[in-house]
Amino acid sequence: MIVAIPFNNDSISSHFAKAPQILLVDTSKNSQHRLTLPDASQGGCGNKKHWLDIIKQYDVETVVVRNIGKKMLGALFNSGVNVRSAPVRTHIDDIDFDTLNKVESLDYGRVNKPKHNTCCSGHEPKRNKLAPSTVHHIRMNLKSIK
């Protein structure tokens, strides 16, 4: 069985999709493999896509979580992945897979907060704009150069 565990500083990450690293454990071969997610500091939909790709690529059967959003939990369920919950501050080396609670309902997932102006919400991202005072200073400098 291949188990994926989101972690940060060798403890299970408090938020599934924002975890900077993933520990893949193959219980049949008694082996471990650590992955670092690109753009992990950003969180958001980028990490969610990476997670789903990793689950498919490594044939992950079970994911261990602490907190997870309802949408991501639903995506895991739809992919046929088993989900187990771990207690707070569990060190990744201290996980006993037999004692973890099985998550069987979307009720375990947290309600996703509506996001505005992000790639996930269907809105276009905000454009970075210069402050009016900066624009004024640039114009003044350009006039003085001419």
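If you look the protein up in an unreviewed UniProt entry, it shows as Dinitrogenase iron-molybdenum cofactor biosynthesis domain-containing protein from Vibrio mediterranei.

Caption draft 1: The pairing of strand 1 (residues 2–8), seen in detail. Buried residues dominate strand 1, accounting for five of its seven residues. Pairing analysis gives six bridges linking strand 1 to strand 3 (residues 21–26), with the strands arranged antiparallel. Its bridge partner being in strand 3, I2 is matched across the sheet by D26. With two bridges joining them, strand 1 and strand 5 (residues 62–65) adopt parallel strand pairing. For V3, the partnering residue across the bridge sits in strand 5 and is T62. In this sheet, strand 2 (residues 11–12) lies alongside strand 1 in antiparallel orientation, the contact comprising two bridges. Bridge pairing in strand 2 links N8 to S11.

Caption draft 2: Molecular detail of the side chain of S13. Turning to its location among the elements, S13 is positioned in the loop between strand 2 and strand 3. Assessed through its relative accessible area of 6%, S13 is described here as buried. Looking at S13, its side chain comes within polar contact range of the main-chain oxygen of H15, at 3.1 Å. Not counting chain neighbours up to four residues away, the residues in contact with S13 comprise P6, F7, N8, A19 and R66.

Caption draft 3: Fine view of the environment of I2. Residue placement: I2 occurs in strand 1. Linking I2 and D26, residues 24 residues apart in sequence, is a C-alpha distance of 4.4 Å. The contacts of I2, once residues within four sequence positions are left out, are V25, D26, Y58, D59, V60, E61 and T62.

Caption draft 4: Representation of unusual backbone geometry. A positive phi angle is found at D10, which is not glycine, with a value near 65°. Mapped onto the elements of the fold, D10 is located in the loop between strand 1 and strand 2. With a phi angle near 55°, N30 is a residue other than glycine that sits in the positive phi range. Counting through the fold element by element, N30 comes out in the loop between strand 3 and strand 4 (31–36). Take N30: its relative accessible area is 73%, and that puts it in the exposed class.

What counts and how
Positions within a chain are numbered from 1, following the residues in the order the chain's sequence is written. At least 70 in pLDDT is required for a residue's local features to be given in this predicted model, at least 80 for side-chain atom pairs to be given and counted, and no such filter applies to totals for whole chains, interfaces and linings, which use all residues. Only hydrogens and water are removed before side-chain values are computed, so all heavy atoms of the structure are retained for them. Each residue is assigned to one of three classes by its accessible area relative to the maximum for its type, calculated with a 1.4 Å probe on protein chains only: buried under 20%, partly exposed between the two thresholds, exposed over 50%. Strands are runs of DSSP state E lasting at least 2 residues, helices are runs of H or I lasting at least 4, and numbering of each runs from the N terminus. Any two strands are treated as partners once DSSP identifies two or more bridges connecting them. In protein, a polar contact requires one atom able to donate a hydrogen and another able to accept it; more generally it is a pair of N or O atoms within 3.5 Å, and residues adjacent in sequence count only if both atoms are side-chain atoms. Residue contacts are defined here by distance: any two heavy atoms, one from each residue, within 4.5 Å place the two residues in contact.

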